[in-house]
Amino acid sequence: MVVTGASSGIGRATALAFARHGARIVLTARSPRALEHVAADCRAAHRATVAVPVPADVTDAEALERLGRTARARFGRIDVWVNAAGVGVLGRLTDVPLTDVRRLWEVNVLGTLNGARAALPVMRDQGRGVLVDIASVLGGVVQAPYMGAYAASKAALVTLDEVLRRELALAGADGVRVCTVLPAGVDTPFFAHAANRTGRELRALPSVATPERVADAVLRAATRTRPPRRLAVGPGARLLPAAHATARRPTLRVIAWRTEHHYLGPHGSAADTPGRLWTPSGDSAAVRGGRHSGVRSAARAAALGAAGTAAALAVLRAAHRIPARTPPPPRRVGAAPPATPRAHHPRGDLHGSMAPADHRDPGGRLGRPR
């Protein structure tokens, strides 16, 4: 398998999750030193794991094609390819430098497309494989102020993946699957690495899931016989779409208000910074961002559950206020029953060569013989 963005955050957690099951992994990111550390951790996770670090920038299409050739030459096939590389920019769309926006879209959108173009031809040739793209609920479902460039890039991934599915189906590549992962807030170094053009300090960012939770979800999805088309991870990833669908304007107003008054400090509280938009993460690479998501996840899950219950009760109360339909008048004895209108019906593996043949994974895909 191949994991991009493997030096930090969700990419690093995903590499480690697969490594604990004896996977054979090609790791890529911009930080050679950080990749070496991740590769060592992967090898230590399971005696059968093979981890090969290959530094590369996902915006370099030729580099990713070489990455795919390296994986195929080393292991004979590519059963899973996870596109987890991503960067962030915070700021008003009218204020963020266009060079920042262009760089973000090159990494988040074109970088993911470069990965797909390297992986899918190999998977079509071998008759099966799973492409996993890490998108986000932000952009994929909802939007927030000061995150417009990032949200637009993640919305683009949702569309790209849907088109890829249709094209694979038309090509008869039924064994090749595309899974779009939509996490909500995740405790990664993302915000520490993001370019900050708001002039305001980032604080109290919402964290409802750990990177390990997302990684485990990716592992389960990739090793299923039929991976899901879209995979929401975390309580917020389920509640936000439901709230957006039933009460779009109030939901977006709440997100905007909390972003403005809770997640950002006063104006002038921070200097503009490019973050790690243009440079590798280096020594700052890590799985988590230090926002104590393990403890906060439980509290936020309880709060989100309470909010969901309250929303459901509000909907039920509103439904009871809708006047009932007037019942039809009673039919006279001996009268013919009214005609019933006719209903209108519209026309309607991770492994193989990537791990030992005798190894078995929890979902059954990792060690099934070809």
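All values reported here derive from a predicted model rather than from experimental measurement.

A.B. asks: I keep staring at the overall build of the chain and nothing clicks. Help me out?
C.D. replies: Along the chain, the regular secondary structure elements total 11 helices and 11 strands. In the structure as shown, the chain presents an accessible area of about 18,500 Å², 58% of it carried by carbon and sulfur atoms.

A.B. asks: Even after reading the chapter, I still don't get the side chain of T180, so can you show me in this structure?
C.D. replies: The residue T180 is located in strand β7 (residues 176-183) in this model. Residue classification places T180 among the buried residues on the basis of a relative accessible area of 0%. Not counting residues within four places of it along the chain, the set of residues in contact with T180 comprises D133, A135, V158, D161, R165, R229, R230 and L231.

A.B. asks: Explain the confidence of the model for the chain to me, please; I cannot follow it from the model alone.
C.D. replies: Where the model shows low pLDDT, its predicted coordinates should not be examined in detail. Per-chain confidence: the chain averages 81 in pLDDT, with 76% of residues scoring 70 or above. Within the model, the stretch residues 343-349 combines pLDDT values under 50 with seven contacts to residues more than four positions away or in other chains. Here residues 351-360 is modelled with pLDDT under 50, and outside its nearest four sequence neighbours on either side it reaches 40 contacts, counting other chains as well.

A.B. asks: What exactly am I supposed to notice about the packing of helix α9 (residues 235-246) against helix α10 (residues 248-263) here?
C.D. replies: How two helices pack is summed up by the angle between their axes together with the distance between the axes. For the pair α9 and α10, the least separation of the axes is 5 Å and the interaxial angle reads 130 degrees. By the angle between their directions, the pair α9 and α10 is classed as oblique. Residue-level inspection shows L240, A243, H244 and T246 of α9 in contact with α10, the latter providing R248, T251, L252 and I255. Classifying every residue of the contact of α9 with α10 gives four nonpolar, three polar and one charged.

A.B. asks: Would you explain the nonpolar core in this entry?
C.D. replies: A general tendency of soluble globular proteins is for nonpolar side chains to be buried together. Core analysis: the biggest nonpolar cluster contains 50 residues, and W81, L120 and L131 have the highest contact counts within it. When residues of this core are traced back to their parent elements, those giving at least two are α3 (61-75), β5 (89-90), α4 (98-126), α5 (137-140), α6 (148-170), β7 and α10. Of all the elements, α4 adds the most residues to this core, at nine residues. In contact with L120, other than residues within four places in its own chain, are L131, L164, L168 and V176.

A.B. asks: Even after reading the chapter, I still don't get unusual backbone geometry, so can you show me in this structure?
C.D. replies: If a residue is not glycine, its phi is most likely negative; likewise, a peptide bond is most likely trans. Positive phi outside glycine occurs at Y146, with the angle close to 70 degrees. Within the secondary structure, Y146 is located in the loop between α5 and α6.

A.B. asks: What exactly am I supposed to notice about the sheet that holds strand β3 (residues 50-53) here?
C.D. replies: Through backbone hydrogen bonds, the strands of a sheet pair up, either in parallel or in antiparallel fashion. If you trace the seven strands from one edge of the open sheet to the other, you get β3-β2-β1-β4-β6-β7-β10, paired in parallel fashion. In this open sheet, the two strands that pair with only one neighbour each are β3 and β10 (230-233). The average angle at which neighbouring strand axes cross in this sheet is 15 degrees, direction not considered. The sheet contact formed by strand β6 (residues 129-134) and β7 spans six bridges and is parallel. When the bridges of β7 are listed, D133 appears paired with T180.

A.B. asks: What's the story with α10 in this structure? I'm lost.
C.D. replies: Each turn of an α-helix holds 3.6 residues, which means side chains three or four residues apart point in the same direction. Its 16 residues give α10 an end-to-end C-alpha distance of 21 Å, which sits within 8% of 22 Å, the value for a rise of 1.5 Å per residue. For α10, the complete set of buried residues consists of T251, L252, I255, T259 and Y263. Buried residues in α10, looked at end-on, bunch into an arc of 95 degrees, giving them a common side. Residues of α10 that are exposed and angled more than 90 degrees away from the buried face: R249 and R253. On its buried face, α10 is in contact with β9 (200-202), α9 and β11 (264-267).

A.B. asks: For this particular structure, what's the right way to read helix α8 (residues 211-222)?
C.D. replies: Its 12 residues place the ends of α8 16 Å apart at the C-alpha level, agreeing with the 16 Å of an ideal helix rising 1.5 Å per residue. All of the buried residues in α8 are P211, V214, A215, A217, V218, L219, A221 and A222.

A.B. asks: Which parts of the structure should I look at to understand the environment of A270?
C.D. replies: Tracing the sequence through the fold places A270 in the loop between β11 and α11 (293-321). In this structure the C-alpha to C-alpha distance between A270 and L202, which are 68 residues apart in sequence, comes to 8.4 Å. With sequence-adjacent residues up to four places away left out, A270 is seen in contact with N196, G199, R200 and E201.

A.B. asks: Teacher, can you tell me more about the packing of α3 against α4 here?
C.D. replies: It is the contact of α3 with α4, at a shortest axis distance of 9 Å, that shows an interaxial angle of 35 degrees. Pair α3 / α4 crosses with right-handed handedness. Together, A61, L64, E65 and R72 of α3 and G111, N114, G115, A118, V122 and D125 of α4 make up the contact between the two elements.

A.B. asks: Whenever I open this one, the pattern of salt bridges confuses me. Can you help?
C.D. replies: As a working rule, side chains carrying opposite charge can pair if their charged atoms are close by. All chains considered together, the criterion is met by 10 salt bridges. R165 is paired through a salt bridge with E162; the nearest N and O atoms lie 2.9 Å apart. With R165 and E162 both in helix α6, this residue pair falls three residues apart, about one helical turn. For the pair R165 and E162, one class covers both residues: buried. Between E162 and R230 there is a salt bridge, with its nearest N and O atoms 3.8 Å apart.

Rules used in this analysis
Every chain is numbered on its own, with residues counted from 1 as its sequence reads. At least 70 in pLDDT is required for a residue's local features to be given in this predicted model, at least 80 for side-chain atom pairs to be given and counted, and no such filter applies to totals for whole chains, interfaces and linings, which use all residues. The side-chain quantities take in all heavy atoms of the structure and omit both hydrogens and water. Only runs of H or I of at least four residues qualify as helices and only runs of E of at least two qualify as strands under DSSP, and these elements are numbered from the N terminus. Method for areas: the Shrake-Rupley scheme with a 1.4 Å probe, in which residue coverage is limited to the protein chains shown. Between buried and exposed lies partly exposed: a residue is buried under 20% and exposed over 50% of the maximum accessible area for its type, with that area taken using a 1.4 Å probe on protein chains only. Contacts between residues were defined by any pair of non-hydrogen atoms, one from each residue, lying within 4.5 Å. pLDDT runs from 0 to 100 and stands for how confident the predictor is about each residue. Here the axes come from fitting lines to C-alpha atoms, over the contacting stretch only for helices, and the angles between their N-to-C directions go from 0 to 180 degrees. Relative orientations are named as follows: roughly parallel for angles under 35 degrees, roughly antiparallel for angles over 145 degrees, roughly perpendicular for angles from 65 to 115 degrees, and oblique for any other angle. Think of it as three bins: nonpolar holds Ala, Val, Leu, Ile, Met, Phe, Trp, Tyr, Cys and Pro, charged holds Asp, Glu, Lys and Arg, and polar takes everything else, Gly as well. Remark: nonpolar core denotes a set of buried residues (Ala, Val, Leu, Ile, Met, Phe, Trp, Tyr, Cys) joined through side-chain atoms within 4.5 Å. The criterion for strand pairing is that DSSP finds at least two bridges linking the strands in question. Working rule for helices: expected span equals 1.5 Å times residues minus one. Directions from the helix axis toward the C-beta atoms define the arc. The handedness criterion is simple: a crossing whose near helix is rotated anticlockwise from the far helix by less than a right angle is left-handed, and one whose near helix is rotated clockwise is right-handed. The term salt bridge refers to a pairing of a side-chain nitrogen on Lys or Arg with a carboxyl oxygen on Asp or Glu at a separation within 4 Å.

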